Each structure stands twice: as C-alpha cells, then as structure tokens.
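Here's the letter readout for the chains.
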Amino acid sequence: MYLILLGPPGTGKGTQAKLVAEKLGLAHISSGDMLRDAVQRGTDLGRQAKAYMDKGELVPDELTIAMIEERLGQPHAQAGALFDGFPRTMQQAKALDQALARQGKAATAALHIAARDDEILRRLTGRWLCPSCGAIYHEHSLPPKASGVCDQCGGTLTQRDDDRPDVARARLERQRPAEELLHHYREQGKLVDINGEQDVDAVTHDLMAAIEQTPAAPERR
Ligand code: AMP
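Thresholds, definitions, all that
- Residues numbered from 1 in each chain as written.
- Predicted model: local features only at pLDDT ≥ 70, side-chain atom pairs only at ≥ 80, totals over all residues.
- Heavy atoms only, no water.
- Buried < 20%, exposed > 50% of the residue type's maximum accessible area, 1.4 Å probe, protein only.
- Helix = DSSP H or I, 4+ residues; strand = E, 2+ residues; numbered from the N terminus.
- Contact = heavy atoms within 4.5 Å.
- Lys, Arg positive; Asp, Glu negative; His and termini not counted.
- Salt bridge = Lys/Arg side-chain N within 4 Å of Asp/Glu carboxyl O.
- Core = buried A, V, L, I, M, F, W, Y, C linked by side-chain atoms within 4.5 Å.
- Near = heavy atom within 4 Å.
- Polar contact = N/O pair within 3.5 Å; in protein donor to acceptor, adjacent residues only side chain to side chain.
- Areas by Shrake-Rupley, 256 points an atom, 1.4 Å probe, with all protein chains shown as cover.

Enquirer: Describe helix 6 (residues 117–125), with residues and values.
Expert: In an α-helix, one turn spans 3.6 residues; hence positions three or four apart end up facing the same way. For helix 6, every residue scored as buried is listed here: Glu-119, Ile-120, Leu-121, Leu-124 and Thr-125. Buried positions along helix 6 lie against strand 5 (127–129) and helix 7 (165–175).

Enquirer: Please provide a residue-by-residue account of the side chain of Asp-61, values included.
Expert: As for its position among the elements, Asp-61 is in helix 4 (residues 61–72). Despite its burial, Asp-61 pairs with no opposite charge, the nearest such side chain being Arg-88 at 9.3 Å. Other than its neighbours up to four places away in sequence, Asp-61 contacts Thr-89, Gln-91 and Gln-92.

Enquirer: Talk me through the pattern of salt bridges; I want residue IDs and the actual numbers.
Expert: One pass over the full model with this rule turns up 14 salt bridges. A salt bridge links Arg-116 to Glu-197; the nearest nitrogen and oxygen atoms lie 2.7 Å apart. Here the residue Arg-116 occupies a position in the loop between strand 4 (109–114) and helix 6, and Glu-197 occupies one in the loop between strand 7 (191–195) and helix 9 (200–212), the gap between them amounting to 81 residues. Residue classification places Glu-197 among the partly exposed residues on the basis of a relative accessible area of 25%. Residue Arg-123 is joined to Glu-119 by a salt bridge in which the shortest nitrogen-to-oxygen separation is 2.9 Å. You can see Arg-123 and its partner Glu-119 sitting in helix 6, four residues apart, about one turn around the helix. Taken together, the shared-partner salt bridges connect Asp-117, Glu-173 and Arg-176 into one network.

Enquirer: Summarise the nonpolar core; cite the residues concerned and give the values.
Expert: With 29 residues, the main nonpolar core has Ile-4, Leu-6, Ile-29, Leu-72, Phe-83, Leu-96 and Tyr-185 as its most contacted residues. For this core, the secondary structure elements donating two or more residues are strand 1 (2–6), strand 2 (27–30), helix 4, strand 3 (81–84), helix 5 (90–102) and helix 8 (179–187). Tallying contributions element by element places helix 5 first for this core, with six residues. When residues no more than four places from it in sequence are discounted, the contact partners of Ile-4 are Phe-83, Phe-86, Pro-87, Leu-96, Ala-107, Ala-109, Ala-110, Leu-111 and Tyr-185. Within the second largest apolar cluster, 18 residues are counted, among which are Ala-17, Val-20, Ala-21 and Ala-210.

Enquirer: Would you mind going over the site of the ligand in detail, with residue names and values included?
Expert: In the region of the ligand, 13 residues are neighbours, and Ser-31, Arg-36, Glu-57, Gly-85 and Gln-92 sit closest. Residue Ser-31 places a side-chain N or O atom 2.8 Å away from a nitrogen atom belonging to the ligand. The separation between a nitrogen atom of the ligand and a polar main-chain atom of Gly-85 is 2.9 Å. Relative to its unbound accessible area of 470 Å², the ligand is 85% covered by the protein chains.

Take a look at the structure:
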C-alpha cells in the first residue's frame, strides 16, 4: 500500500503521518525530515538543499525526486510507504507515479487533511512560549491560567516570529497543497478529503476508516 498524505500546515499532518505509518507498518517517507537529515550530515544533497530551505523555498525537483526514488528503492519501502511532504509539485507527482509504476505498483490513495483558512490561522497563531522555562501554551487548546503569564514559573509569555499572524499567513500560502496536485489525484479517483478541524484522535480515526475503504486495504491484500 502506498499512501500520500496532503494538507496545509496546522492540521497535524506530520503527527498523523507517523501514527498511521506505524499502525499499518508502512515506511514513513517524509521529504522534510530527509532533507533536514541531509543538511545536518552535510551531504552533497544537504549542501545543495540548505540555501532553499533557509529561505523557505522549495528545493528543486531534480534533487527531491532523486532522493525519493532512492528511498523507494530501499528494502524498507518494499512493503509499502506513506509519503509526507512529497509530492509538492506536479513534476514530483508525475515522477512518483512513474517510479511506482516501474516497480509494478501504484499510489493507493491521496489523503487530504483539509481545514478552513481561518481555523488554520487560529491554530498557527495561538501558540505562546515561556522564554524562562520553555513551557508551551495555546490560546485555545491549552491556555495559561492568567493571560500572558507562565503557570509554571510566572515568566512573561512570548510568541515566536513564525507564529505571528502575517508570517503564519505567508507560511499557509506557501505550504498549502497546490490545487493542480489535488486535481491530479481527484482525476485518478484517489483523492479522499479528511476533516482536519477535529482533534488528533478523530482525524486518525477518519484516516484509518478512509484507508479501509481503499482497494488495497490490509485484510483484502
Ligand atoms: P517540511 O518539513 O515538509 O515543511 O519541509 C521543510 C522544507 O524542506 C521545505 O520548506 C522545503 O524547503 C523543503 N522540502 C520538503 N519537502 C519538499 C518537496 N517535496 N519539494 C521541495 N522542497 C521540499
């Protein structure tokens, strides 16, 4: 089974990817994690990718595609995989289709964790940190007892630059799945929309239920 997970930031896509891959025994192939690892290890790929990542831009297709193709060829991916953060462009989507086809395989489903922009922005901008002790709060889901004050140590809470409304909006625009990608999988009858405005457990439940409905569901393989 080869699953593709799509979704904007703020919907817990990375968390869901790990949970679902583990439940199904699939390799979790996260392009972001692989690129960060390459940067940290100082490989050729890491050196080439770093400049783009530092600017928040997409790494060129030829680099990401080669990286994913190599990963897909490894023994660990032969029993199935869940792609997280890849594909991001049409060229990547077509390359993935072809790489799977060369192995006599095909994507099983593209699961799109969707949420409205205002809900995403509410989630992305609600996070506050305590610079003194590192505690993390969220205006809506985990508020401190007194606004702006750390429950643990009484420190004054601050917001990370990334979480400020203008920066969060720019991040959403940059990272939301491209409409043409959604169209690509919808056209193949593989796109499933999942309500990403629910809590983590409910989203996992809906993802698993959607996967059960696919032709390659575990008990029918
Ligand atoms: P992520 O953790 O998925 O947000 O990825 C972190 C950064 O890695 C992104 O901002 C991009 O610079 C790069 N990246 C991750 N996946 C891809 C991809 N599929 N195509 C191009 N760049 C990517």
